[in-house]
Structure formats: structure tokens, C-alpha cells
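# Descriptive analysis of the structure
As a plain string of letters, each chain reads:
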Amino acid sequence: MNFLAKLLKRIFNRTVVCVIGILFQIGYLISLFWTLGTLYTYSYLVFEIIAVVISLLIVNSDMNPSYKIAWIIPILSFPIFGVMFFVFFGNSHSGDRLRKRMNRFNEEEHLLLPQNEELVQNLCDDVRTVEKQARYLYRFGGYPVYTNTLTTYFPSGEAKFDILLRELEKAERFIFLEYFIIQEGKMWNTILNILERKVKQGVDVRVVYDDIGCLLTLPYRYCDQLEKKGIRCKVFNEFKPIWSAKMNNRDHRKILVIDGHTAFNGGINLADEYINAYEKHGHWKDTAVMLKGEAVWSFTMMFLTMWNYLNNSKPASYDYYMPRTKDIAPYKSGGYVIPYTDSPLDDEPVGENAYLNIINDAKDYVYITTPYLIIDNEMVTALTLAAKSGVDVRIITPHIADKWFVHAVTRAYYKKLTKLGVKIYEYTPGFIHAKNFVSDDSVAVVGTINLDFRSLYLHFECATWMYKTDCVLDVKADYLKTLEECQEITYEDCLNVNFFVRVGRALLRLFSPMM
């Protein structure tokens, strides 16, 4: 009987039900399109005319050119299917409703994050291009520049995990966690034990996790289990068996804030592969930064803004969460720090533009680490122009894929990039999940923002921009050390790829904006 119950639970678990529900909807739509196309000649003609009109509208829209191509081809090739698919999923107005709701919380909280014009002027006096980046990130990212912030770089999940546990034990007032993936195992269970103890000590512990990110890693309604332990929990964009465009918008951020004076950010989720407690896709290479000092306030507000959005309410006052002078006073480190976020609801690709500014302003080198290299024409142009101008542009990607089709698209970009001088390396021990930029021994970014369309256009993301801080050179040193374990991919290597593999990659690349 126990066996039967377990079998039924496995067969009818949430993931299976959701997938069946979505497949049923897709099947119904396809059968509808097929019926319209085969039985009604006039309807097919009408859809052909509509397809041309929609294609013209797409061409003249503000949509990213890569998206335009990815939509126009199926719309013109399969008018009925393409038109209906675009109407249902490509032109959804759900973003407008979400945008209005999010803006209600952003506007007031933006007032609590004023720009320090004296610091901006100091940047201007130092390097004009850096000052421009700071102004851009404040105007469109919503977060100001800080100094007096100690930054510590972690070249691996294991290094971060040890320090993270130590810092959690010190918490006295509140702990905020916001992660794309949480999975039961050594890493999360160890953290959870500390969180439970802290709750009993009166610490305000809150958790936000993305429902699709945790679809296969946490039980259904896991938030209820946390609530029973006294841990306040919210789930971002709960996954339902209804195919909707808003499911594209995920909370991909990784934020942990302790008492308003310490924060962690980077690519590391709360699952065992991130600390190599078990092997998944070979050795898992990831990175993070720890901030102590004034700049932590921005990460506190990032979390609270998302929490308020999910809770659809905001506190009467934010005074309790503001950093206490006695807590941040010891951190008088030099350099400048800007924690920033990117939202798919503001029509501004902050994450991509921050990267583009670094590439365009580089004089000697730009070193990039990314698990996915699925980029638009603007990014390709910036990378190749920098390389052609004598800048040493290097990109590290994984050698072992976590998703074969995404890795195939990543490799589809190698040929053009290497031909024009960009150096590509694959991390041979396994999968590299880090999202790092470092340039000219002065600027670095560590965060959650991949070089792919989902991160740059569809997800909520965050990162830490640093200028002349304690750990910029540590990011560079880790990059050069990682290169020793990498295999360079040359232009000649790209020419020797099998013809059918090249064709497959080209087809996948065509629709990469929709992946």
C-alpha cells in the first residue's frame, strides 16, 4: 500500500500535472490552428493578411531586433499558428498590470535611496566614464553610489558558504533571503537550522523564492512549511498549469541581507551543486561578493521592494531596517560600490547597458565569465569593436553543459566572435555558473546577470558594480587562475565543426530570444 501511494504521488506530482496541463493547451491550440488552415481556405487567407500586418507592426516597434526576427519568421511561415501564438504570448498586456503594481512600491522607496552628488563628483574628477556609469545606474537602475563599504570576493561556492554560516550566526535583528533556487540538502538544511534558531531568538527571518526555479527542488507549498517554523515566506510568480507570457518573468536574483550591515550577492543559489557537495555537470564553478557597510542599504531595499510587491502592502516605516551607525561605522574602505537591479517591467535593459558601458570604456582588457552566451547584435558589436580596437577581450563559458540546446546556441556565437578577435575559453573541469566582468584593474561586476536574453530582458536580476574597491583585483586574479583550467576555442576550431552541427546551431540561434 505504501509503495502504491508513493507511486501515485510520483505520477501525479505538481510538476507532472502542470506539464500535462500546458501540453493539453498547446495540443488544443495546434488542433485549432490545423482545423482553421485545412477546412477554411478563406480563414487561412485572412490570417495571411493579418500575419503581414503584424509583421509590419513588429518591424516598426521598439522590440529588440533579435526578437523581431524570431517572431516574424514563424508568423509569415505559418500564418495561423504564428499569428495566434503571438496574440496569446508575444503581445501580452499582463506586463502593464504588473508594471503599475510594481511602480506603486518603487516610487516611494526610490525616495529613500538619494544619490550622493559629492561622491558622483569625485568619480567625475577621477574618471569621467565611471561617473557616467554611476549616473546611468541611478537614473535607470534606481540605486545610488556608495563608499565606506568593504567588499570580499568569493571564488567558489564553498568559500562563500563557510563565511555565510558564520555571518548568519551573528544576526540580531533580521535576515532576508531572496533566491532563484533553493533545494533541500546539505547547504540549505544547514542554513535552515540556523534560521530556525534565529527565529526563536526573535530575529525577523524572511524568504522569497522563485516558483519555477524551485519547481523540481522543493515540495509544493514549501512556503507553508517555512511559515510553520516562524519564517515568513513569499513565492514569486507561482507556477500554474496555464501557459501565460507572465511566466517568462522570473525572480533570478540572489540576495542575502543580515541586520542591514552585511549582504551577499552573486551567482550562487542555495543548492548542493553550488558548493560541490555532489557532482552535477562536473565541477561547479561559481562566485559571489560580500558587502559590509553603507551599500548594504540598497540590497535591503531591493528585498523589501520585492517583498512589498508580493505582499501587496508596505510597512508604515522603514526606519527599523535602515543600517545603524554603530554597525557600519567600522567599514571605512575606499572605492565605490553600486548595488543595482534590473526589472523586465521598465523597458530598460539596465543589466545589458551596464555591461556595454564597461566594454565600450575599456582601455586595456575586459574579462568576462558567463554560463550562457546568447547575445544580441548590440553586444556582439561592442565585444568585437573593443577587440578590433586593441582591447584584450576574453570570455569564459562552460565546457560541460547544463542544457544542451542552450550550450549549442552559446557555441554558435564563437565563430564570429573569434574571427574578429574576441578570445573564447571553455572551463574544462565542468560547468561555470559565475557572472563576472572585470576591466582595467579598476572596475568589476559580480551578480546574477547572464549574457542571455532571459537575464537581459525577461528576469528580475541584480548585481554589484565596484570601482577601485578591495576585491576588484581579486576578481581578476581568480579569472587568470581559472584560465589555467580552460581550453581556448579558436576560429580554426569553429571552422572544423561538423556541417550538420553548424546547421543545428544556426537554427537554434534563430529562435534563441524565445528560449
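Refer to the structure printed above.
Residues numbered from 1 in each chain as written. Predicted model: local features only at pLDDT ≥ 70, side-chain atom pairs only at ≥ 80, totals over all residues. Heavy atoms only, no water.

## Here's the deal with unusual backbone geometry
What counts, and what does not: Where helices and strands are cited, they refer to DSSP runs of H or I of at least four residues and of E of at least two residues respectively, numbered from the N terminus. Relative accessibility under 20% of the residue-type maximum defines a buried residue, over 50% an exposed one, and the middle range a partly exposed one, all with a 1.4 Å probe and only protein chains included.
Residue N312 is not a glycine yet carries a positive backbone phi of 55°. With respect to the helices and strands, the residue N312 is situated in the loop between α12 (296-311) and α13 (325-328). Take N312: its relative accessible area is 41%, and that puts it in the partly exposed class. Its identity as a non-glycine residue notwithstanding, D441 has a phi of 60°, on the positive side.

## A few points about the environment of Y479
Counted only if it meets this: Throughout, a contact is declared for two residues whenever any of their heavy atoms are within 4.5 Å. By the criterion applied in these results, polar contacts are pairs of N or O atoms within 3.5 Å in which, for protein atoms, one can donate a hydrogen and the other can accept it, and in which residues neighboring in sequence qualify only through two side-chain atoms.
Tracing the sequence through the fold places Y479 in helix α19 (residues 472-483). For Y479 and T369, which are 110 residues apart along the polypeptide, the C-alpha to C-alpha distance reads 8.1 Å. Filtering out sequence-adjacent residues up to four positions away, Y479 remains in contact with Y367, I368, T369, R394, I395 and I396. Here I368 takes part through its backbone oxygen, which lies 3.1 Å from a polar atom of the side chain of Y479. In this structure the side chain of Y479 is engaged in a polar contact, spanning 3.1 Å, whose partner is the backbone oxygen of R394.

## Observations concerning the nonpolar core
For clarity, the cut-off: Among buried residues, the Ala, Val, Leu, Ile, Met, Phe, Trp, Tyr and Cys ones that are joined through side-chain atoms within 4.5 Å form a nonpolar core.
L177, W188, I191, Y209, Y340, L383 and W465 are the most contacted members of the largest nonpolar core, which totals 98 residues. Top element by residues in this core is helix α10 (residues 186-200). It accounts for 7 residues. Within the second largest apolar cluster, 51 residues are counted, among which are V296, Y425, I432 and C471.

## A short note on the sheet that holds strand β8 (residues 288-293)
Note the following rule: Here, any two strands with at least 2 DSSP bridges between them count as paired. In this analysis an axis means a line fitted to C-alpha atoms, helices contributing only their contacting stretch, and an angle means the value between N-to-C directions, from 0 to 180 degrees.
Ordered by their spatial adjacency, 7 strands build an open sheet running β1-β8-β6-β5-β2-β3-β4, and the pairing between neighbours is mixed. The open sheet has two free edges, formed respectively by β1 (149-154) and β4 (232-236), since each of these has just one partner strand. The mean angle between the axes of side-by-side strands here comes to 10°, regardless of whether they run parallel or antiparallel. In the sheet, strand β3 (residues 204-210) pairs with β4 via 5 bridges, with the strands oriented parallel.

## Considerations on the packing of helix α7 (residues 117-126) against helix α8 (residues 128-141)
Worth spelling out the cut-off: Working rule for angles: under 35 degrees goes down as roughly parallel, over 145 as roughly antiparallel, 65 to 115 as roughly perpendicular, anything else as oblique. Following the grouping adopted for this structure description, the nonpolar residues are Ala, Val, Leu, Ile, Met, Phe, Trp, Tyr, Cys and Pro, the charged ones are Asp, Glu, Lys and Arg, and the polar ones are all others, Gly among them.
Contact geometry of α7 with α8 gives a least axis separation of 5 Å together with a crossing angle of 150°. Between α7 and α8, the angle is such that the two are roughly antiparallel. Residue-level inspection shows E117, V120, L123, C124 and D126 of α7 in contact with α8, the latter providing R128, V130, E131, A134 and R135. Looking at the contact of α7 with α8 residue by residue, the classes come out as 5 nonpolar, no polar and 5 charged.

## Observations regarding the packing of aromatic side chains
In plain terms, the rule: Two rings from Phe, Tyr or Trp (for Trp, the six-membered ring) form a pair when their centres are within 6.5 Å of each other. A pair whose planes differ by under 30 degrees is stacked, one over 60 is edge-to-face, and the rest are tilted.
On inspection of all chains with the given rule, the structure shows 20 aromatic pairs. Relative to F264, the ring of F154 lies with its centre 6.1 Å away and its plane at 20°, an arrangement referred to as stacked. One end of the pair, F154, is in strand β1; the other, F264, is in strand β6 (residues 262-266), with 110 residues separating them in the sequence. Residue classification places F154 among the buried residues on the basis of a relative accessible area of 5%.

## Observations concerning the pattern of salt bridges
Condition: Salt bridges are defined as contacts in which a side-chain nitrogen from Lys or Arg sits within 4 Å of a carboxyl oxygen from Asp or Glu.
The full count for this structure, using the stated rule, is 25 salt bridges. R128 is the salt-bridge partner of E131, the closest N and O atoms lying 2.0 Å from each other. Of this pair, E131 and R128 both sit in helix α8, 3 residues apart, which is roughly one turn of the helix. Its relative accessible area of 3% is what places E131 among the buried residues. Judged by its relative accessible area of 49%, R128 falls in the partly exposed class. The closest approach of N and O atoms between K170 and E167, which form a salt bridge, is 3.4 Å. The exposure class of K170 is partly exposed, given its relative accessible area of 48%. Overall, the relative accessible area of 6% leaves E167 in the buried class. Connected through shared salt-bridge partners, E117, R128, E131 and R135 make up one network.

## Re helix α14 (residues 350-361)
This is how the line gets drawn: To estimate the expected span of a helix, count its residues, drop one, and scale the result by 1.5 Å.
Between the first and last C-alpha of α14 there are 16 Å, a value that for 12 residues agrees with the 16 Å anticipated at 1.5 Å per step. When α14 is considered as a whole, its buried residues turn out to be V350, G351, E352, A354, Y355, L356, I358 and I359.

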